[in-house]
Amino acid sequence: MNMRYALLCLGLPCLTTFAVSAQTQKGSTDKFRQLEETLPTPNEYRAASGAPGHRYWQQKVDYVISVELDDLKQKIIGSEKITYKNNSPDTLTYLWLQLDQNIWSPDSMTTSTMTAPRDMTKVPFRTLEMLTFLPKFEGGYRIKSVRNSGGDSIRYTIQNTMMRVDLPKELPPGGSTVFSIDWEYNINPSKKIGGRTGAEFFEKDGNWIYCIAQWFPRLAAYTDVNGWQHKQFLGSGEFTLEFGDYQVKITVPDDHVVTSTGVLQNPTEVLTSTQISRLKQAETAKAPVLIVTPDEAKTAEGGKPMGTKTWIYHAENVRDFAFASSRKFIWDAQGHIVDGKKVMAMSLYPNEGNPLWEKYSTAAVIHTLNVYSRYSFTYPYPTAISVNGVVTGGMEYPMICFNGPRPLEDGTYSARTKYGLITVIIHEVGHNYFPMIVNSDERQWTWLDEGINTFLQYLSEQEWEPKYPSKDAEPKDIVGYMKSPAHDSIMTSSDSVQNLFANAYQKTATGLNMLRETILGREQFDFAFREYSRRWKFKRPEPADFFRTMEDATGVDLDWFWRGWFFSTDHTDISLEDVRLYRIDTKNPDVEKPLSKQRKVDEVPETLSAQRNRDLPKLTDSNASLKDFYNSYDEYAVTGKEKEEYKTFLEGLTDDEKQLLSLGQNFYVLDLKNVGGLVMPVVLEVEFSDGAKQELRIPAEIWRRNNARVEKMIITDKEIRQIVLDPHLETADTNLANNAFPRRPVKRQFELFKDKKPTNPMQPDKPKAAPPSGQPE
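Residue indices follow the written sequence of each chain, beginning from 1 at its first position. Only residues with pLDDT of at least 70 get local features here, since the model is predicted, and only at 80 or more are side-chain atom pairs given and counted; chain-wide, interface and lining totals rely on the full set of residues. Based on all heavy atoms of the structure, the side-chain values leave hydrogens and waters out of the count.

1. A word on the nonpolar core
Step number 1: Working definition of a nonpolar core: buried Ala, Val, Leu, Ile, Met, Phe, Trp, Tyr and Cys residues. They are joined through side-chain atoms within 4.5 Å. Only protein chains enter the accessibility calculation, which uses a 1.4 Å probe. A residue is then buried if its area is under 20% of the maximum for its type, exposed if over 50%, and partly exposed in between. Counting 189 residues, the largest nonpolar core has Trp215, Phe546 and Trp565 as the members making the most contacts within it.
Step number 2: In this text, helices come from DSSP runs of H or I with a minimum length of four residues, and strands from runs of E with a minimum of two, each type numbered from the N-terminal end. Among the elements that line this core, the one with the most residues is helix H8 (residues 356-375), at 10 residues.
Step number 3: Those residues in contact with Trp215 that sit more than four places away from it in its chain are Ile65, Val67, Gln101, Tyr141, Trp183, Tyr185, Val248, Phe321, Ala322 and Phe323. The contact criterion used throughout is that any non-hydrogen atoms of two residues lie within 4.5 Å.

See below:
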C-alpha cells in the first residue's frame, strides 16, 4: 500500500482527519517555544528532570517553646529556644526570622498601604469596622530579649515583619547554633480585623475561642534558589518555612481544652480519666466518639477556671506549629487506617457548630486522607484535626486546621453552608500534603500549594457524593475570569495578583484538571503527579520542578501549556469559521457529468421570474421550424472522445492510484481560527446526517506552525450535518457562539412589563416639546 493511500485510511472507521495548509504565519508568536530560556538552569541541587539534585540540601530548625494564653487580656506570652542546623554549603553570619504578628502593628506596611474600597458609596459595616479599628489596635510583637545559649544578649534588627539576628560568630556549613527569644503580643480579635489566626468572642456566654497561629518568631527559609526568603508578609503571600521538631508547653485556664499540631505528651495531667477512656475507645471506633460531649461543653461555658493547666505537645518533622484553646469545645475523634498507618482524625467545635459539625467534620477529615493519599503519598502524621473558630473560611497548619462555617442559631443550614463546610475541611486538611509536606514557597508562589490543593479538593469532592456542587476546577466556571480585566498570569507574585482566589486557586486547579482529562489523560497525569509528590515530599520544590517533573514522567512536551496557561493572560476562544465540502474528481464522464448537472440544479436555484415564465406560450412550440441542433443539445451528455480520454487516463494509473480515485468519500475542510490566543487541543463532535455522532480529539500541536489559523480535513463516507467544538466544555472556551457549524442561534430572554402609557409599536414616540427658554426641563 503506498503512502498516500495509507494516510487516507488512518483513523476512525468512517472518519479520517488531517491538517492542511498549515503555513507558518509571518510574524506569529511561537507558542510552542521551549521554556528553557525562562526556567532556571538545572544544577546539582535541582535536576533537569525536575527531581531534587544529588546535592540537594535544606536547613533544619528545632523549637522548644513555653507559651501562656492570657484569657483575660487576650494576650500571648512566650519564650522559645531555637536550634538552627546549617545544612547549606554557605557560611552564615546572621539569621532571618519571620515576625508575622507585626502585620497588625499600627505602622505596619500592610496597614499603611491599605487602599480605599472601590465603591465608597456603599461600604459594608465589617469593612468600615476594620478600617477604623486596625489603626488603634496595639498589635505586633514586643520582643523582650534575644540571647545566645550562654544567656548573653544578641544583637537583632526588626524590619517590619522580619527580624535579623546577628550571630556572635560565623555559622559554617554543617554547624549548629542555639539561641532563645522572649516575646509577647496582643491576640487580634478576628471578628473586627479578621486574620488567619486570632480570638473569637461569644457575647451570649462571654467566652472565647482561640485559634493561635503565626504566634512565635519563626526562622525564615534559606534556600539554594533565593538565599534568605525574607520577602515581607503583606497578607496574601503566606509562609516559607523550614522543617524541624517541636516540644511545646501550652499553659491555659484549667477548664480549657487544647488541641494542636503534634501528639499530647501528658494526657493524665490535663484530661479526666473518662476522657482518656473515650480516646482509647475512639482509636478503633467505626464512627466518631465524643471525648467532650455537648452537655459537658455547655457546662464548662458557665463555669470559671480555678487555675491553669499546661498541655505538652510534641511534633516531629513539621514546618510549623499551631494550636486552639477554649472552654467551649466539643471534641470528637475516630481512629482511621490510611495505607496501613493509624491516624487519629479529630474535630473540636462549640455547640454553635451543631448539628453540622458533629455530622460532617470528622467524616470529611477521614475522606480527605483517603483520597489525597491515593493521589500523592500516604499521610505520614499521627493526627489530623479540624477546629471550628476564628476564620470565616479556613486556614491550615501541620496536623490542624481552622474552619469557619456554622449553621444558623436555630440549627438550620442552607445547602451552601453544608457544602461550604465539607469543601473547606477537605481543602484545609488537604493542605497537610501541599504545602505542609511538599514544602513550596507560599510567600512567592501561592498557586503551587493553593492551586494544586484546590485541584485535589475537587477530586475529593467528586468522590463524596453524586453531583457534588464543585465550582473550583471545571473549565466552564473559569470563563468569566479568563475574559476579565483582572486576569493576571498565574506566575504573578502572590501579593500583586488582583484576584488571588480566581487566579491561584481556580485557574491553577482548572489547568490541572484540563491536563488530566483532555491533554494527558488520567493514567498519565496521575502517574506523573504521584511522582512529583513523592520526589518532593518533605522537600522544597519550585515551579520549574513541577513543570519538569510532569514532562519527565509523562514523556510529553507541555511547555506550550505552561507558557499559555501559567505565564500568559491569553484565553481560549477557538472559532469554527467555515466548513467546506470537497469530493474527488474521478475524471469518469459517466460519473462527473450527471453530478455537475445535479450540482447546477442544487446550487443555482430557479429564480422567481423563471418560475413564472415557465408556463408562458413559446414561439418554438407553435413553429417547430425555428428549432435546430441546439434546442435538443445536452451539454452534460457524454461524448465518445471523453470516454476515450478517460480510458487513456486510467491506463496511466497504478492500482493504488485507481483505488484512491474511486474512494467515493466526502472531504470536509474546517477553518479553525484562534481568537483568544491560547493554543489548546481541538475537541470536535461530528454529527452525521443519519443521526450518528463521533468525537475527534486533536492535540494542541495542530497549532504549532500557525498559532492563529489552521485548516483541518475530515474524510468520511457519510454526510455531516453539524460539527461542534468543545462539546463537553473541556477547554474553558470563552465564546461558545462560534463553536458550531452551522451556527446555532444564541438563546436569550426578554422581559415583559406593563407600561404606564400603552404605545403603538408601529408608531414612534413623539418627541417632547422643548421647555420655554430660560426654564429648567
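2. Some words on the sheet that holds strand S6 (residues 156-159)
Step number 1: Taken together, the four strands give an open sheet; going across it, the order is S6-S7-S4-S11, and neighbouring strands pair in antiparallel fashion. Edge strands, defined here as strands with exactly one partner in the open sheet, are S6 and strand S11 (218-219).
Step number 2: The rule for pairing is simple: two strands pair if DSSP sees at least two bridges between them. As paired strands, S6 and strand S7 (residues 162-171) are joined by four bridges and run antiparallel to one another. Across the sheet, residue Ile158 finds its bridge partner in S7, namely Met163.

3. Quick word on the pairing of strand S9 (residues 198-202)
Step number 1: The buried count for S9 comes to four of five residues, which makes it a mostly enclosed element.
Step number 2: Bridge analysis of S9 against strand S10 (residues 207-212) gives five bridges, and the strand direction is antiparallel. Bridged to Phe202 within S10 is Asn207.

4. Some words on unusual backbone geometry
Step number 1: Cis geometry marks the peptide bond from Asn354 to Pro355; its omega dihedral reads 10 degrees.
Step number 2: Locating Pro355 in the fold gives a position in the loop between strand S21 (341-349) and H8.
Step number 3: Here Phe434 and Pro435 are connected by a cis peptide whose omega angle stands at 15 degrees.
Step number 4: By secondary structure assignment, the location of Pro435 is in the loop between helix H9 (415-430) and helix H10 (447-462).
Step number 5: The phi torsion at Gln74 lies on the positive side, around 50 degrees, for a residue other than glycine.
Step number 6: Position of Gln74 relative to the elements: it lies in the loop between strand S2 (60-70) and strand S3 (75-85).
Step number 7: Phi angles above zero are rare outside glycine, and Asn160 is one such case at about 60 degrees.
Step number 8: Examined against the element boundaries, Asn160 turns out to sit in the loop between S6 and S7.

5. Regarding the sheet that holds strand S24 (residues 400-403)
Step number 1: The six strands lie next to each other as S17-S20-S21-S22-S24-S23, forming an open sheet whose pairing is mixed. Edge positions in the sheet fall to strand S17 (289-292) and strand S23 (394-397), since each has one partner strand and no second. On average, each strand axis in the sheet is inclined to that of its neighbour by 20 degrees, with strand direction left out of account.
Step number 2: Pairing of S17 with strand S20 (residues 330-338), which is carried by three bridges, proceeds in the antiparallel orientation. Bridge pairing in S20 links Leu290 to Asp332.
Step number 3: Sheet strands touched by helix H7 (residues 294-301): S17 and S20. Its angle to S17, the strand with the most contacts, is close to 15 degrees.
Step number 4: Here an angle of 0 to 180 degrees is reported between the N-to-C directions of two axes, which are lines fitted to C-alpha atoms, with helices fitted over the stretch in contact. H9 rests against strand S22 (383-388), S23 and S24 of the sheet, and its axis sits at about 150 degrees to S24.

6. What about helix H15 (residues 559-567)?
Step number 1: Taken across its nine residues, H15 has eight buried, putting it largely inside the fold.
Step number 2: What H15 keeps buried is the set Asp559, Trp560, Phe561, Trp562, Arg563, Gly564, Trp565 and Phe566.
Step number 3: Elements that come into contact with the buried residues of H15 comprise H10, helix H11 (479-483), helix H12 (500-519) and helix H14 (543-554).

7. Description of the environment of Val165
Step number 1: Turning to its location among the elements, Val165 is positioned in strand S7.
Step number 2: Through-space distance from the C-alpha of Val165 to that of Val686 is 67 Å; in sequence the pair is 521 residues apart.
Step number 3: In contact with Val165, not counting residues within four places along its chain, are Tyr94, Leu95, Leu97, Val146, Ile154, Arg155, Tyr156 and Phe179.

8. Brief notes about the layout of surface pockets
Step number 1: Roughly 770 Å³ of internal volume is contained in the second largest pocket.
Step number 2: Lining the second largest pocket are 30 residues, and of these Lys191, Glu200, Phe201, Phe202 and Arg406 lie nearest its centre.
Step number 3: At the level of secondary structure, the elements contributing two or more residues to the lining of the second largest pocket comprise helix H3 (125-133), helix H4 (190-193) and S9.
Step number 4: Tallying contributions element by element places S9 first for the lining of the second largest pocket, with four residues.
Step number 5: Looking at side-chain class alone, the lining of the second largest pocket contains 10 nonpolar, eight polar and 12 charged residues. Two kinds of site are reported from a 1 Å grid over the protein atoms alone, namely cavities, where a 1.4 Å probe fits but cannot get out, and pockets, open sets with protein on both sides within 12 Å along at least five of seven lines, and residues are called lining when an atom falls within 4 Å of a point. Grid points are joined across faces, edges and corners, and a volume is the space filled by probe spheres set on the points. When residues are grouped by polarity, Ala, Val, Leu, Ile, Met, Phe, Trp, Tyr, Cys and Pro land in nonpolar, Asp, Glu, Lys and Arg in charged, and all others, Gly among them, in polar.

9. Concerning the packing of H12 against helix H13 (residues 522-535)
Step number 1: Contact pair H12 / H13: the axes reach a minimum separation of 6 Å and the direction vectors enclose 130 degrees. On the basis of the axis angle, H12 is oblique to H13. From H12, Leu512, Leu515, Arg516 and Glu517 reach across to H13, where they touch Arg522, Phe525 and Asp526.
Step number 2: Looking at the contact of H12 with H13 residue by residue, the class counts come to three nonpolar, no polar and four charged. Comment on the angle field: the value is read as roughly parallel under 35 degrees, roughly antiparallel over 145, roughly perpendicular from 65 to 115, and oblique elsewhere.

10. Brief notes about the packing of aromatic side chains
Aromatic rings in a pair are described by how distant their centres are and how their planes are angled relative to each other.
Step number 1: In this scheme Phe, Tyr and Trp rings, the latter by its six-membered ring, pair at centre separations within 6.5 Å, and the angle between planes marks the pair as stacked below 30 degrees, edge-to-face above 60, and tilted otherwise. For the structure shown, the criterion picks out 51 aromatic pairs.
Step number 2: Arranged with centres 4.9 Å apart and planes meeting at 70 degrees, the rings of Trp215 and Phe216 form a pair that is edge-to-face.
Step number 3: A residue is classified by how much of its surface remains accessible, and Trp215, at 0% relative accessible area, is buried.
Step number 4: By relative accessible area, which is 0% here, Phe216 ends up buried.
Step number 5: Criterion for a charge above a ring: Arg CZ or Lys NZ at most 6 Å from the ring centre, at most 35 degrees from the ring normal. Stacked on the ring of Phe688, the Lys or Arg Lys718 has its end atom at 5.2 Å from the ring centre.

11. Let's talk about the side chain of Gln232
Step number 1: In this structure, Gln232 sits in the loop between strand S13 (227-228) and strand S14 (244-253).
Step number 2: Whenever a nitrogen or oxygen atom comes within 3.5 Å of another N or O atom, the pair is scored as a polar contact, on the condition that within protein one atom can donate a hydrogen and the other can accept it, and that pairs from neighbouring residues in sequence are kept only if both atoms are in side chains. Polar contacts involving the side chain of Gln232 include one to the side chain of Asn160, which spans 3.4 Å.
Step number 3: Once residues within four sequence positions are removed from consideration, Gln232 is found in contact with Met109, Gln159, Asn160, Thr161, Met162, Arg443 and Asp495.

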